[in-house]
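# Descriptive analysis of the structure
The lines below spell out each chain.
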Amino acid sequence: MKSPILLYDTTLRDGTQGENINFSADEKLEIALKLDEMGFHYIEGGWPGSNPRDMAFFKLAQRATFKNATLTAFGATRRPGIKPQEDSNIKALLESQTAAVTIFGKTWDLHVRGIMGITPEENLAMIYDSVAYLKQNGRETLYDAEHFFDGYNDNPGYALETLLAALEGGAETIVLCDTNGGTLPFRIEEVMREVQSGLAEKTGTAPDNLPCRIGIHCHNDCGVAVANSISAVHAGATMVQGTINGYGERCGNADLTAIIPVLCLKMDLPCMHTDNLAGMKKLSRFVSETANMIPVSSRPFVGESAFAHKGGIHVSAVMKDSRGYEHMNPKLVGNRRRVLVSDLSGKSNIEYKARELGIDLNGNGFDSQKIVTRIKSMEQEGYEFDVADGSFKILVEKFTNQFKSVFDLESFRITVEKDKDKPCTAHATIKIAVDGQDEITAAEGAGPVSALDNALRKALDKFYPNLDAMRLVDFKVRVIDGRAGTAAKVRVLIESRDQDDVWSTIGVSEDIMEASWMALADSFQYKLSKQA
Ligand SMILES: [Zn+2]
């Protein structure tokens, strides 16, 4: 029987070593509870000896209830020359009152002699004493062998001795760490096997029946942290440490949002319940939002683009049989197939997309090839419909005579004023027609686009009073280099949101205000046609 793989998340400790990643104690608790709900086996909450925020987290966590996960506190082996009970870091580990403790120690002579300036014997004693002391205090103890692979390359005999010291101290789990992230998958696999037979020999057991569990902890400095973790499991590791979205120091840790689907779906090693696996994309989003990081769209399994198809040939194949261009069903990880519309599109993309947006293409004398041609020429001018669903919908409706304009622009005027060193102010007046009735309004804003947005809202308010829920959430401007000898144009992309929908619209013009107006007008048209 295959032994179950245990998932060990260190987003809250190693993840926060990543540049720009910070969580408050409350945010840490929210993430920990989410991970618990998803069925993670271990959650490393922080390093209580190193900072007050992590201590605060463990205090909060003591009052929370975890259904599945064991919470662990992380820290170092005792300092040289003292007893574990005299070490303030080890005291803090016990005070955090977690059922399990993860303690890391040195494997590599470069660190032992060179950096710490201690003897190899003292290092072994530090490992043994610390683990044994934690065990005496009733803690499940996991031992993280720091720089294991570098140390093993240097001196395999000593590296193994450090593990034996932890094992003799009573560690239930020994985790081999590629701390510098410089090891490659085939070497990980090789060392993993050698360590298991080495430990088996020393303890008089079989490599697949060691008196401890073996785990893996990888960093992504060669871009192979996920591959390394998978290789380690392939060679017998039964615990995988990593972080959500691969957050972590330098190039990050092994990304659990990729490792877990690989284990469950590709290696037949179910380590998470199917229902929870389907929450993987949501979890990834939740953690990136809490960390205030923009989600990476190309992230395997959970990224927005992970199952997005742009090329026409791909789309027509996927519509016939999704296995043609998808390695798995996106729903298994809570993701979805997306079909993008662009100048690479064929008829299939348009037909798929129209169906998705609820536009009926039949019975209108419609020719999807004509739409493709139109889109291709517009993309030549600088449009990008794969990032502007809202404008695409309006375009297809116009093409098939299904578009009902909810308002028409008569005119607008914008003035921007700068007075000495005071901030700029902008004023907009607008005249629109709704059902043949003219409306003129004026409004101010922090900038010209917000003044125009405010004026348009005010004008529409009389006819459509419930526009309050709609907000513009993102506004992007890009200068497009003059294609085919034309003057430089700007592309404006606006993202809007209401209670239940997010949509993007686009405008392209040589004039930034005109491009902004196009995107803004499409956004309101989209919102109001949705209501109609
Ligand atoms: Zn690490």
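The structure contained in this document is the topic of the report that follows.

Take the packing of helix H17 (residues 448-461) against helix H18 (residues 512-531) next. Running from amino to carboxyl end, H17 crosses H18 at an angle of 35°, the nearest separation of the two axes being 11 Å. In the crossing of H17 with H18, the sense of the turn from one axis to the other is right-handed. On H18, the residues that touch Pro448, Val449, Leu452, Asp453, Leu456, Arg457 and Leu460 of H17 are Met513, Ser516, Trp517, Leu520, Phe524 and Leu528.

With 92 residues, the main nonpolar core has Phe40, Tyr143, Phe148, Leu163 and Ile260 as its most contacted residues. Ignoring sequence-local partners within four residues, the contact set of Leu163 consists of Tyr143, Ala145, Phe148, Ile174, Leu176, Val195 and Leu199. Listed in part, the 32 residues of the second largest apolar core include Ala443, Ala459, Val490 and Trp517.

Of the protein atoms, only Asp14 (OD), His217 (NE2) and His219 (NE2) coordinate the zinc ion, at distances of 2.0 to 2.2 Å. Every donor residue of the zinc ion comes from the same chain, spaced as D-x202-H-x1-H. Of this pair, Asp14 sits in the loop between strand E1 (6-9) and helix H1 (25-38) while His217 sits in strand E7 (residues 213-218), placing them 203 residues apart in sequence. Residue Asp14 is classed as buried on the basis of its relative accessible area, which comes to 4%. The exposure class assigned to His217 is buried, which follows from its relative accessible area of 4%.

The next point concerns the pattern of salt bridges. Within this structure, the stated rule accounts for 32 salt bridges. Between Asp54 and Lys28 there is a salt bridge; the shortest N-O distance is 2.7 Å. Of this pair, Asp54 sits in helix H2 (residues 52-63) while Lys28 sits in helix H1; the two residues are 26 residues apart in sequence, bridging distant segments of the chain. For Glu304, the salt bridge goes to Lys281, with nearest N and O atoms at 2.6 Å. Residue Glu304 is located in the loop between helix H12 (280-290) and strand E9 (308-309), and its partner Lys281 is located in helix H12; the two are separated by 23 residues in the primary sequence. Residue Lys281 is classed as buried on the basis of its relative accessible area of 11%. Sharing partners across several salt bridges, the network here consists of Lys281, Arg285, Glu304, Arg336 and Arg338.

Sheet architecture is open: three strands sit in the order E11-E12-E13, paired in antiparallel fashion. Strands at the two margins of the open sheet, each flanked by one partner only, are strand E11 (408-417) and strand E13 (437-445). On average, each strand axis in the sheet is inclined to that of its neighbour by 10°, with strand direction left out of account. The sheet contact formed by strand E12 (residues 425-434) and E13 spans nine bridges and is antiparallel. Across the sheet, residue Ile432 finds its bridge partner in E13, namely Glu439. Taken strand by strand, H17 contacts E11, E12 and E13, and its axis lies near 145° from that of E13.

Reading the values: rules and limits
Residues numbered from 1 in each chain as written. Predicted model: local features only at pLDDT ≥ 70, side-chain atom pairs only at ≥ 80, totals over all residues. Heavy atoms only, no water. Axes fitted to C-alpha atoms, helices over the stretch in contact; angles between N-to-C directions. Helix = DSSP H or I, 4+ residues; strand = E, 2+ residues; numbered from the N terminus. Left-handed = near helix turned anticlockwise from the far one by under 90°. Contact = heavy atoms within 4.5 Å. Core = buried A, V, L, I, M, F, W, Y, C linked by side-chain atoms within 4.5 Å. Buried < 20%, exposed > 50% of the residue type's maximum accessible area, 1.4 Å probe, protein only. Donors = N, O, S within 2.8 Å, 3.2 Å for Na, K, Ca; no water. Salt bridge = Lys/Arg side-chain N within 4 Å of Asp/Glu carboxyl O. Pairing = 2+ DSSP bridges.

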